Amino acid sequence: MENVMTMTNGFVELSAMDMCDVNGGGKILKALAATAGCVCIGWAPVVGVAAGIGGSVVGTPVVGVCTGIAAGAGMVSAGAALLDYACK
């Protein structure tokens, strides 16, 4: 088995087979999961701010901050899980 990931100047280089796995490898489900993961991570700050404002309106500012952090972290966690699935 070849070493498929090599570090060069701090970057990871993927082999052609790894690139097929990342872009779906003919499986549309993995490509959709990778896209959804990127969208989840990209929208995490917006969700965090919106949840934080809502929490501040309903409760106290401390509740808003905690709610915003939890919502943003949940979005990042979901996105990371989808990207992990897509890259396996």
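Here is what the cut-offs are and how they apply
- Residues numbered from 1 in each chain as written.
- Predicted model: local features only at pLDDT ≥ 70, side-chain atom pairs only at ≥ 80, totals over all residues.
- Heavy atoms only, no water.
- Patch = residues over 30% accessible without salt bridge, like charges linked within 9 Å, V, L, I, M, F, W, Y side chains within 5 Å.
- Areas by Shrake-Rupley, 256 points an atom, 1.4 Å probe, with all protein chains shown as cover.
- Salt bridge = Lys/Arg side-chain N within 4 Å of Asp/Glu carboxyl O.
- Helix = DSSP H or I, 4+ residues; strand = E, 2+ residues; numbered from the N terminus.
- Disulfide = S-S within 2.5 Å.
- Phe/Tyr/Trp six-rings, centres within 6.5 Å; stacked < 30°, edge-to-face > 60°.
- Lys NZ or Arg CZ within 6 Å of the ring centre and 35° of its normal.
- Buried < 20%, exposed > 50% of the residue type's maximum accessible area, 1.4 Å probe, protein only.

A. Spatial organisation of a nonpolar patch on the surface. A surface patch of nonpolar side chains, amounting to about 430 Å² of accessible area, comprises Ile-28, Leu-29, Leu-32 and Tyr-85. Among the elements that take part in the nonpolar patch, helix α2 (residues 28–58) stands out by supplying three residues, more than any other. Tracing the chain through its elements places Leu-29 in helix α2.

B. Focus on the state of the cysteines. As enumerated under the stated definition, the model contains zero disulfides in all. Looking at the unpaired Cys-87, the closest cysteine sulfur is the one in Cys-38, lying at 8.8 Å.

C. Local environment of the packing of aromatic side chains. In the structure shown here, the tally under the stated rule is zero aromatic pairs. Stacked on the ring of Tyr-85, the Lys or Arg Lys-30 has its end atom at 5.8 Å from the ring centre.

D. Structural context of the pattern of salt bridges. Taken as a whole and judged by the stated rule, the model has one salt bridge. Among the ionic pairs, Asp-84 bridges to Lys-88, the shortest N-O distance being 3.3 Å. Asp-84 gets classed as partly exposed once you look at its relative accessible area, which sits at 40%. Among the residues examined, Lys-88 registers a relative accessible area of 62% and is labelled exposed.

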